[in-house]
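Each chain, letter by letter, is given below.
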Amino acid sequence: MTAMPELPGLRPHDDRLLPADPVVRDLARRLYQQVRDLPIISPHGHVPVEWLAGNIPFTDPTALLLSPDHYIFRLLHAGGVPLSRLGVGDQTLSEAESRTAWRTFCEHWALFRGTPSRFWMESVLSSIFGVTQRPSAQSADFIYDRVAERLTADEFRPRELFKSFGIDVLATTDDPCDDLAHHAALAADPSFDGRVVPTFRPDRYLEPGRPGFAHLMGRLAEASGEDTGDFRGYLRALAQRRRHFKEHGAVSADHSHADVVTLELAPSEAARIYAAALRGDTSTEESTALRRHMMLEMAQMSVDDGLVMTLHPGVHRNHHSPTLEEFGPDTGHDIPVAVEFTRSLQPLLDRFGTAPEFHLVLFTVDETVFSREIAPLAGFYPAVYAGVPWWFLDAPEAIRRYRGAVTETLGFYRTSGFIDDTRAFCSIPARHDMSRRLDSAYLAELVVQHRLDEDEAFETGTDLVTTIPRQVFKL
Amino acid sequence: MTAMPELPGLRPHDDRLLPADPVVRDLARRLYQQVRDLPIISPHGHVPVEWLAGNIPFTDPTALLLSPDHYIFRLLHAGGVPLSRLGVGDQTLSEAESRTAWRTFCEHWALFRGTPSRFWMESVLSSIFGVTQRPSAQSADFIYDRVAERLTADEFRPRELFKSFGIDVLATTDDPCDDLAHHAALAADPSFDGRVVPTFRPDRYLEPGRPGFAHLMGRLAEASGEDTGDFRGYLRALAQRRRHFKEHGAVSADHSHADVVTLELAPSEAARIYAAALRGDTSTEESTALRRHMMLEMAQMSVDDGLVMTLHPGVHRNHHSPTLEEFGPDTGHDIPVAVEFTRSLQPLLDRFGTAPEFHLVLFTVDETVFSREIAPLAGFYPAVYAGVPWWFLDAPEAIRRYRGAVTETLGFYRTSGFIDDTRAFCSIPARHDMSRRLDSAYLAELVVQHRLDEDEAFETGTDLVTTIPRQVFKL
Amino acid sequence: MTAMPELPGLRPHDDRLLPADPVVRDLARRLYQQVRDLPIISPHGHVPVEWLAGNIPFTDPTALLLSPDHYIFRLLHAGGVPLSRLGVGDQTLSEAESRTAWRTFCEHWALFRGTPSRFWMESVLSSIFGVTQRPSAQSADFIYDRVAERLTADEFRPRELFKSFGIDVLATTDDPCDDLAHHAALAADPSFDGRVVPTFRPDRYLEPGRPGFAHLMGRLAEASGEDTGDFRGYLRALAQRRRHFKEHGAVSADHSHADVVTLELAPSEAARIYAAALRGDTSTEESTALRRHMMLEMAQMSVDDGLVMTLHPGVHRNHHSPTLEEFGPDTGHDIPVAVEFTRSLQPLLDRFGTAPEFHLVLFTVDETVFSREIAPLAGFYPAVYAGVPWWFLDAPEAIRRYRGAVTETLGFYRTSGFIDDTRAFCSIPARHDMSRRLDSAYLAELVVQHRLDEDEAFETGTDLVTTIPRQVFKL
């Protein structure tokens, strides 16, 4: 480190994200200290279970920190860096290319000023890898070498990181036909005591209008042992896969379609459209109707089997088709659209809104629904919880806006607890840390404005990272 | 009080809701002190006039403070408490049940952390009833007894509370066919010098598609002495009832439909649809068109008779039909939807937007229209005023967002003054107190940022609770 | 000044708009001092080029400061002042009427409390004209005389003001058929070294459904020397005019339609609708479809000729038809509506979102799209930049909301730099000054919350007013 004394340092401050006012900051700091080291509960995310099952060492900084993180590479792309240079999609980079990609990232560090990626990456580099220099053209190779060297050590293998991160529960997201062998292996392995649970994510299997639906139904039949040749068999097959997931520890089923409209079809009509879909012979209206009907069936199954139902609507997937073609999905061009919950969910909530033990968690990328729809719904229906900020809104000011928008209608105990929803494994502690800092800041504000007593703030702060996520996700 | 020294206290702080920064807080405090004890003007609300006319003592804490307050019972319901245990709807609770309901509420006090109900209830319990303990399982009976005992005293009867609250004007909300006998009795009673005025609320009479419309028209004919057998008679009948209301002190007519779309039908078309509606023979499109046309007729009548027109759109009423069936309307499951004003009101404003003495006050549960539509409309049309935050938005941060969203486009003098819109009689002083604290805080912020001079802030602060509501509501 | 010692003063504070917290304010002040005197880059606005070309002295305070400023006169109109008394539209006021208009404005000064017009007008009166009294009935004539007297001096002529304002580049907005003779004259004049560039604004020429379209096509043919009798000639004519603009220094083409929907028509279909439009024989659907197709053609031309494409959608123009009839367009009753970008722009971005050197700047009057659509789009597409707050949102708190809404998704370097978009020439320095103060405040907040290092804040603050607008607008 004495080699480059002149470069700007990377020294994340202990008080980062805490409010400027000294009185509020002091209280926020005390609230934060109480929760900073509590175990991490991560009930929804996208870390590949293979990483933990195989415990294979990570290869290099780019493959670990850049290529899987669409928050990072989308902004580099906007700044003029082709995705092909960043190892996005299925591409594999040579060591030289990885190093170049890392340097490109470091050269563009200014692009990330004011973003949460900046906060997360700083935390990761500093806390996990002991980096002490700010990313820049000058420091790029030095940081690359530092991280790469650490990755060769045993304590930087996935399971060891999992443990050092203080993760108590980690949920992955999985295809309904997955045999969940990795989850089973992990659970059976006496040398690993972390809890890694799958999440049932059936989107593709619920969209009868998508190309290849009949093929998927074939896979579903194979996986479930049910005949998916008719609608009733289709429902049985889905129920079987949910049971399989539950047996492997799953606590929730996650759904992300263009909207959350629900509507009930007559059984004969549902069966008719399903049969047509198998033949690839449905209109857009018909397949949309069946998808919306299936939300009711999924809710019914959640009522029956107890899997928490989470809704993540409102994303226009794969906005830029040339990028989709070259790099595949999840490559930075999923763009939010406006969503609607009040009318859309009325049929579902009319039937299941007060069903015992039914939990429905609502997420959004359209923050206008926080105060207008999500908070009022979760402020009446025992089944409904306001999911905390998701994607594009999982950042300091957006999280503050969320608390400001929902708390006054539903307090703290109708919210879901933090969700990191990330593929960036190493950023998990930083993301939960950010959330804890921000909730501490919010609670401190309430106390200083005499909207809450101090003892209540301390209790609520702890509940937000312990009892609340456990209760909502039945953990 | 020495009996339970160990329980957490209830001590609302003098500075609550004021900003954290010491300089801003000091000025906010001074601004607040100037207005805190000024008389309350409440130009829109839902207190039953019978309470004041009869001056019947309140029976118990639950019937007074919980059962009529949907802000409270909806969140308890979300937290798992059945409405049937809270005296919601027409249900009457025994003394034991009331006490149990109160205890349930106190046990769930943590649910209300961060909500305005927490602030209001604290104020009510502390300021009106002298309660000094925070609601909890342990304090529940003690508080219940304290409030119940006070309610037996003469100074806690409705009229005496009205006086002690410092209410100058209170508007109720009334059915067009109401004879307003209670209002007349109150006005004629020399022992009561409060001003209690009715508000003309004709929603049901303007929705030709609702079941029972013909029956309502029969009632309207009876009340007005006009033949409602045809459209012209219908208009005459409505005009007569408005006159009746005006003669009993009404200053405004209030409208709350799904949207505020206005459109003009040819007279013959309006007459045709009306006739069909009497026969129960209209399509949804026809009855919606007539309802939208009637908004223009109502505006015309407001131009003619001077009643202020207030619009409260965008609520999906009775979202959960099982609750509606068991407990009736207004039981906590009215949920907001997105609203639109710019295009919807264009026909109305094209005709009446500059009509002399026409006042149109726009409220919303969809805060996205504050900056986008309401402020620009009220920033051009002399008739239009931006109604202050309503339902779900009548809370500290939402009110701050409102000021932040509208002030920069229309200042303070195109807003309506505070509206409590409440059925919770005892919360009226607390609600106005909250508003005064928040406006003082906002004005102090402007001064400290040198966006306003201090003398202007003091003048504006007073205007917001005196001249502005009087001018807007013609009081 | 000794004549009226009792009147309230006008003393804009050095720290106005800076945050209340002393630590944040101190840093904000230092950040602001670094940028306050840097040259002004104004890449989009509405100052008439004739003023500068002719350098004709302004006549009186009302004609200079009130009549051209719809921010001012719309709020006076809302407050009950008829537009006819304010010199709005083509009306010319006598000296006595100008003085009366000014007095009316000063009497209504309280209407502007909390608005940015208050800030701008204070700055203009104080910094440019040396006024030391707050506008009021008492000070009106005094201020009028002061400003009028200064306007007779040579240093208050348009070109001298331009220079004293520190304007480096000023873009005007111009009709495609304009010969740009004034721009040419200015550029050729050795006595004026300011850079004044035209902007290509073809809205009317791209709306085939508007009355008079065929006539416009005739003008376009004349101006371009191309035969606009068929669709291909129409495209050639537009391309020719763009070349003409570019030759006269234009850097951008600006588009403001009801929406930004883009769709591709088959060439034969576009040609068919165009031919029908020349005959005045298109349906609304057809002319809308052609307008939406033309957005793609405009984008293609921007890709070809390098003019930056800016989109300003979502305004319902001329909401009040009686005012339009009497006073013409741009008279205060253009009202925002909700807009949509994600789906609307997908066809355009699919084709051009990664085209080299294509710049597309997105503005909005609907702030809900900041975090939901604009930031995610500009956070992926190299072509897209988030335009800074526009109309109704060009005010302190709205600008703060903008930074809070977009920064976390795209940082600072995907935003456009400040746009004043004003017809109020004298307010240009005040508007840029406001923006610089607010960005300094925001950067200081980030530093104090340890989200940004101090050296980064200083660099970013400078970039926001220098390299960023130059890069985005190719200046």
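Everything here concerns the structure above.
Read on for an overview of the structure. The shown structure was predicted, so the numbers you read here are calculated from the model rather than taken from an experiment. Positions within a chain are numbered from 1, following the residues in the order the chain's sequence is written. The lettering of chains begins at A and the numbering of ligands begins at 1, in the order of writing. Given that the model is predicted, a residue must reach a pLDDT of at least 70 before its local features are reported, and side-chain atom pairs must reach 80 or more before they are shown or counted; all residues, however, enter totals for whole chains, interfaces and linings. With hydrogens and water excluded, all non-hydrogen atoms of the structure serve as input to the side-chain values.

**Re the pattern of salt bridges**
When a carboxyl oxygen of Asp or Glu is within 4 Å of a side-chain nitrogen of Lys or Arg, the pair counts as a salt bridge. Summed over all chains, the structure comprises 128 salt bridges over all chains. The closest approach of N and O atoms between Arg423(A) and Asp330(A), which form a salt bridge, is 3.5 Å. Here the residue Arg423(A) occupies a position in the loop between helix 17 (396-410) and helix 18 (428-448), and Asp330(A) occupies one in the loop between helix 14 (321-327) and strand 7 (335-336), the gap between them amounting to 93 residues. Judged by its relative accessible area of 28%, Arg423(A) is partly exposed. Using a 1.4 Å probe on the protein chains alone, a residue whose accessible area is under 20% of its type maximum counts as buried, one over 50% counts as exposed, and one in between counts as partly exposed. The class for Asp330(A) is partly exposed, based on a relative accessible area of 31%. Salt-bridge contacts for Arg451(C) lead to Glu397(A); the nearest nitrogen and oxygen are separated by 3.2 Å. Remark: Glu397(A) occurs in helix 17 and Arg451(C) occurs in the loop between helix 18 (428-448) and helix 19 (454-465); the pair is interchain, linking two chains. Classification of Arg451(C) by relative accessible area gives buried; the value is 10%. If you follow the salt bridges from partner to partner, you end up with Arg113(A), Arg118(A), Glu122(A), Arg134(A), Asp453(C), Asp455(C), Glu456(C) and Glu459(C) in one network. For the purposes of this entry, the term helix denotes a DSSP run of H or I that reaches at least four residues, the term strand denotes a run of E that reaches at least two, and both are numbered from the N terminus.

**Notes on unusual backbone geometry**
We note that Phe392(A) has phi near 70 degrees; this positive angle belongs to a residue other than glycine. Summarising the element assignment, Phe392(A) is placed in the loop between strand 9 (384-386) and helix 17. Judged by relative accessible area, which is 8%, Phe392(A) ranks as buried. Not every positive phi belongs to a glycine, and Glu357(B) is a case in point at roughly 65 degrees.

**With respect to the relation of the copies chain A and chain B**
Put simply, the two copies of the chain differ by a rotation about an axis and a shift along that axis. Copy-to-copy alignment: least squares on C-alpha atoms, limited to residues at pLDDT 70 or above in both. Laying chain A over chain B is done by rotating through 120 degrees and shifting 0.0 Å along the axis; what remains is an RMSD of 0.0 Å. The two molecules are tied by a three-fold rotation axis, judged by turn and shift. Any pair of residues with heavy atoms lying within 4.5 Å of one another is described as a contacting pair. With a heterologous cut-off of 20% or less, the 5% of interface residues of chain A that recur at the interface of chain B puts this contact in the heterologous class.

**Considerations on helix 1 (residues 22-35) of chain C**
The end-to-end C-alpha distance of helix 1 of chain C is 20 Å, a good match for the 20 Å that 14 residues give at a rise of 1.5 Å each. For helix 1 of chain C, the set of buried residues is Val24(C), Arg25(C), Leu27(C), Ala28(C), Leu31(C), Tyr32(C) and Val35(C). Taken down its axis, helix 1 of chain C places every buried residue within 170 degrees of arc, on the same side. Exposed residues lying more than 90 degrees from the buried face of helix 1 of chain C are Pro22(C) and Val23(C). Those residues of helix 1 of chain C that are buried are in contact with helix 18 (428-448) of chain B together with helix 18 and helix 19 of chain C. Its side-chain oxygen placed 3.0 Å from the backbone nitrogen of Val23(C), Asp21(C) serves as the N-cap of helix 1 of chain C. Every helix has an expected span of 1.5 Å times one less than the residues it contains. Relevant arc is that of directions from the helix axis to the C-beta atoms, nothing else. Side-chain atoms alone can form a polar contact between residues adjacent in sequence; in general such a contact is a pair of N or O atoms within 3.5 Å, and within protein one must be able to donate a hydrogen while the other accepts it.

**Regarding the pairing of strand 2 (residues 167-171) of chain C**
Residue and element names in this part refer to chain C. Among the five residues that make up strand 2, four are buried, leaving the element largely enclosed by the rest of the structure. Criterion used throughout: strands pair if DSSP finds at least two bridges between them. By the bridge criterion, three bridges tie strand 1 (residues 40-42) to strand 2 in an arrangement that is parallel. In the strand pairing of strand 2, Ile41 is matched with Val169. Across three bridges, strand 2 lies against strand 3 (residues 195-197) in parallel orientation. Each bridged residue has a counterpart across the sheet, and for Val169 the counterpart in strand 3 is Arg195.

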